[in-house]
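What follows is each chain in one-letter form.
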Amino acid sequence: MDFNYSEEQVLLRESIGKFLQKNYSFEQRRAIIQGREGMNAAVWDGFASMGLHGIPVPEEFGGFGGSGLDVMLVMEAFGRALVVEPYLSSTIMAGYTIALGGSDAQRSILLPRIADGSMKFAFGHGEPGTRYELNQVATTARQENGMWVINGAKSVMMHGGLADLLIVSARTSGEVDSPGGISLFFVNPAESGVTGREYPTYDGMRAAEVGFDNVTISPESIIGVLDDGYALLEAVTDRGIAAVCAEAVGCMDALKDATLDYLKTRQQFGMPIGKFQALQHRLVDMLIQTEQARSMAMLAAVKVDAPDTTERRRCLAAAKELVGRAGRFVGQQAIQLHGGMGMTDELAVGHYVKRLAAIETMFGDGDLQVDRFTSSQVEVAETPLRKPARKWKNLV
Amino acid sequence: MDLNYSPQELAFRDEVRSFVRSRLPHEISRKVLEHKRLGRDDYLVWQKLLHAQGWMAPNWPAQYGGAAWTAVQQHIFDEECAEAGAPRIIPFGVNMVGPVIIAFGSAWQKQHYLPRILSSEDWWCQGYSEPGAGSDLASLKTRAERRGEHYVVNGQKTWTTLAQHADMIFCLVRTASTGKRQEGISFLLVDMRTPGVNVRPIITLDGEHEVNEVWFEDVEVPVENLVGEEGRGWTYAKFLLAHERSGIAGVGASKRELRMLKYIASQEKRSGRPLIEDVRFRDRIARVEIDLMALEITNLRMLAAEREGRAPGAEVSMLKIRGTDIQQTLTELMMDAVGPYALPHLPDAWGDHWLGEHVGPEYAAPLAARYFNHRKVSIYGGSNEIQRNIVAQHILGL
Ligand SMILES: Cc1cc2nc3c(=O)[nH]c(=O)nc-3n(C[C@H](O)[C@H](O)[C@H](O)COP(=O)(O)OP(=O)(O)OC[C@H]3O[C@@H](n4cnc5c(N)ncnc54)[C@H](O)[C@@H]3O)c2cc1C
């Protein structure tokens, strides 16, 4: 049992911290958000030179084959700084999709470009009329003259507007809600028939509605095994969940620190408002929630690498549910304890709260995670449930 | 980072597990698992078994007969015992007064009391709270006046847990009423059989007799029963608090109760289906289970920090707040799970030798009483509000 980062990890964390301090102040971030691109190329390249894009990429392809914990420390730092660059969509989601599911050719061509940051990706799964379910896919891909033809629409695709290549889930067989029959594809957004509408999201990022109208792509565009994309989709989603759990912890830490600071400096009734017990207790509860969330982010970071899918699903769902709940509490209280100032756009507080709100629903809100959690019990739960039952027979 | 126990710790867990499995009497674990009332002997039988194994005092140094385990080992031990349905070790002797005697007691006190704590020959109780001194303990009034070779004690303690079984009580008493209030407090060991000591039961809302008033009327206590120095009792009490933390999160017991909750919910029905398949109820169980997962890791993080020499301070308060909250939720859900059959109040039904017929399922009988009883966990041992004050002061610096 050991809850410490390794020496290299501590060093990495320090250099990320320094880099962000220099290049990612709250004002610098504001300028990036207001800019045309919605991201900063120099910052993106800076991540590359620190090796951050190489975390999901195996060494043979120019990365360093990092673990869930490496992702955790990066995302925690990104949460503190409220980084808006498409690291999650591109490096994490696409990086792991290719690393875990790509063909040899796809891996050898694309992974080096993930690692050096020269290509950016977006990941499109959700569709109009769905709510985070992984099995709901109405977008279709059919084979025609040896090519794939894609039809359908993807909604709120994070960073869809700036991606060089999209990863899209599509139905290749089965009913609209069947986990079987889903396949993943690379789609070039410049392909004819791809339409897009980019817009800002409330947390300072960009997303896009993307349509596919008889988009014809090459047979090599499929990722992984035909009809069998669900497992990969879920594995990559769990990577995303682990990442945003860590990011949320970074946000919560920042809110807790800012609130503590405010309680010590803001004067009312002739004393710092931190003297009021009602506020002290609220802040203590924020602290407790943050620590509980940190514990679950650690669990997520460790279990995302677990070979047992049921165990992975159960832990990741639990982590996401708790982190979402904790984030909502910490965010709401942080605004409340800042009074009117908490309501302003000027203060960072509101921006953290908005990012936490976005994270809470991303990859499935609490209700959906509880569903995943309890349904992954069914298999595990036979044991804890049946064991006492047997014992109880001779007891009662 | 590694969330797993080391091979040595796993071997230790196996050793504890096989001991508990083979030696914990079935009639006793059955009572714990089914929430039946435990008698004095149930505790004593288990404690004596532990003593014979040399495991009665996990946190004492070996020279006093302790097991000298690491914080992680103690946690493993607590968890194994709790999950198997062992009665909790009555903490007042081995976890509370014992460490104080070891740290501050006289040679005679060590020689006389420590072995008797280990063997459970003396049952101890804790005489801190008074009618006028609860959270504000330093306002206590019970007086001890030095007269020759004795202290003469007058006053009243209250909420004294299981004083009805006790042979000894450790008390905070006032030996001076001038100067700072904390400096007039001393730590005294009193034999419950001394003339003038009177125990009166307090019946709690669940109908049980667990706590008492302890009255002192001209009780003569030999001066050799003063621990350490006169007027230093407050310091010793604070030291004791630091030792009370072992197992404060109650993770093992909560895991056991969660299992029981799922069992009950799998037996109960709503609209003809097992209650555990009812989405609303299932979600309530899931949320407390997730909270407990997080607490378990938070607890392990603190143990690991302790092992690395970072002594836990006010962080323990966070474990107490979360841990008791989860315990209370579990009792709540179990009571809710049995629906109307929580209502019948037949206290004998969860006692020994009940031959009567149960109303509803047998497991339902004690659940309401247990729910009411567990409101205590956020009050005693420093109420959860006091714990929040501690965190605000010592961690947040407010
Ligand atoms: C079942 C049970 C067993 C017990 N066993 C023992 C025992 O064996 N030995 C022993 O000595 N004592 C024992 N106690 C006593 C226990 O330690 C006290 O009940 C506890 O310290 C609270 O004191 P009080 O009951 O006087 O409540 P009070 O101190 O009067 O508190 C009343 C309410 O006010 C809140 N409050 C008080 N001060 C503050 C503050 N500064 N800020 C915010 N809120 C505050 C409290 O949290 C509580 O909600 C036991 C209590 C119970 C219920």
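Scroll up for the structure.
Note that residues are indexed from 1 along each chain, following the sequence as it is written. Here chains are named by letter from A upward and ligands by number from 1 upward, in the order in which they appear as written. Given that this is a predicted model, residues contribute local features only at a pLDDT of at least 70 and side-chain atom pairs are listed and counted only at 80 or more, while totals for whole chains, interfaces and linings are drawn from all residues. Excluded from the side-chain calculation are hydrogens and water; included are all heavy atoms of the structure.

Novice: Can you walk me through empty space enclosed by the protein in this structure?
Specialist: To find the voids left in a structure, one rolls a probe of water-molecule size over its atoms. All names here are of chain A. Cavities and pockets were defined on a 1 Å grid built from protein atoms only: a cavity is a group of points that admits a 1.4 Å probe but offers it no way out, a pocket is an open group of points flanked by protein on both sides within 12 Å along at least five of seven lines, and a lining residue is one with an atom within 4 Å of any such point. Grid points are joined across faces, edges and corners, and a volume is the space filled by probe spheres set on the points. Taken as a whole and judged by the stated rule, the model has 5 cavities of 30 Å³ or more. Empty space within the largest cavity amounts to approximately 120 Å³. What lines the largest cavity is a set of 14 residues, and nearest its centre among them are E85, L88, M205, E247 and R355. Secondary-structure elements contributing two or more residues to the lining of the largest cavity are α4 (68–81) and α5 (87–101). Here a strand is any run of E in DSSP of at least two residues, a helix any run of H or I of at least four, and the numbering for each starts at the N terminus. If you tally residues by element for the lining of the largest cavity, the top one is α5, at 3 residues. Residues are sorted three ways: Asp, Glu, Lys and Arg are charged, Ala, Val, Leu, Ile, Met, Phe, Trp, Tyr, Cys and Pro are nonpolar, and all the rest, Gly among them, are polar. Residues belonging to the lining of the largest cavity are distributed by class as follows: 9 nonpolar, 2 polar and 3 charged.

Novice: Please explain the environment of A:V84 as it appears in this structure.
Specialist: Residue and element names in this part refer to chain A. Along the polypeptide, V84 turns up in the loop between α4 and α5. Given the relative accessible area of 0%, V84 is considered buried. Residues V84 and G196, spaced 112 residues apart in sequence, show a C-alpha to C-alpha distance of 20 Å. When neighbours within four sequence positions are excluded, V84 is seen to be in contact with Y24, R29, I32, I33, G38, H159, D203, G204 and M205. A simple rule labels every residue: compare its accessible area, found with a 1.4 Å probe on the protein chains alone, to the largest value its type can have, and call it buried under 20%, exposed over 50%, or partly exposed in between. Note on contacts: a residue pair is in contact if any heavy atoms of the two residues lie within 4.5 Å.

Novice: How do you make sense of the site of the ligand when you look at a structure like this?
Specialist: Note on terminology: near, applied to a residue and a molecule or strand, indicates that one of the residue's heavy atoms is within 4 Å of it. Inspection of the region around the ligand gives 18 residues, with A:Q277, B:S135, B:T161, B:S383 and B:E385 positioned closest. Close to the ligand, residues of chains A and B are found. Each polar contact in these results corresponds to two N or O atoms within 3.5 Å; when the atoms are within protein, one needs to be able to donate a hydrogen and the other to accept it, and residues that are neighboring in sequence are counted only if both atoms are side-chain atoms. A distance of 2.8 Å separates a nitrogen atom of the ligand from a polar atom in the backbone of B:Q126. Measuring from an oxygen atom of the ligand, one finds a side-chain N or O atom of B:S135 at 2.6 Å. Note on areas: Shrake-Rupley, 1.4 Å probe, and residue coverage restricted to the protein chains presented here. Taken by itself the ligand offers 970 Å² of open surface, and the protein chains cover 67% of this. Elements with a minimum of two residues in the shell around the ligand: β3 (150–161) and α12 (384–394) of chain B. Classifying every residue of the shell around the ligand by side-chain character gives 7 nonpolar, 9 polar and 2 charged.

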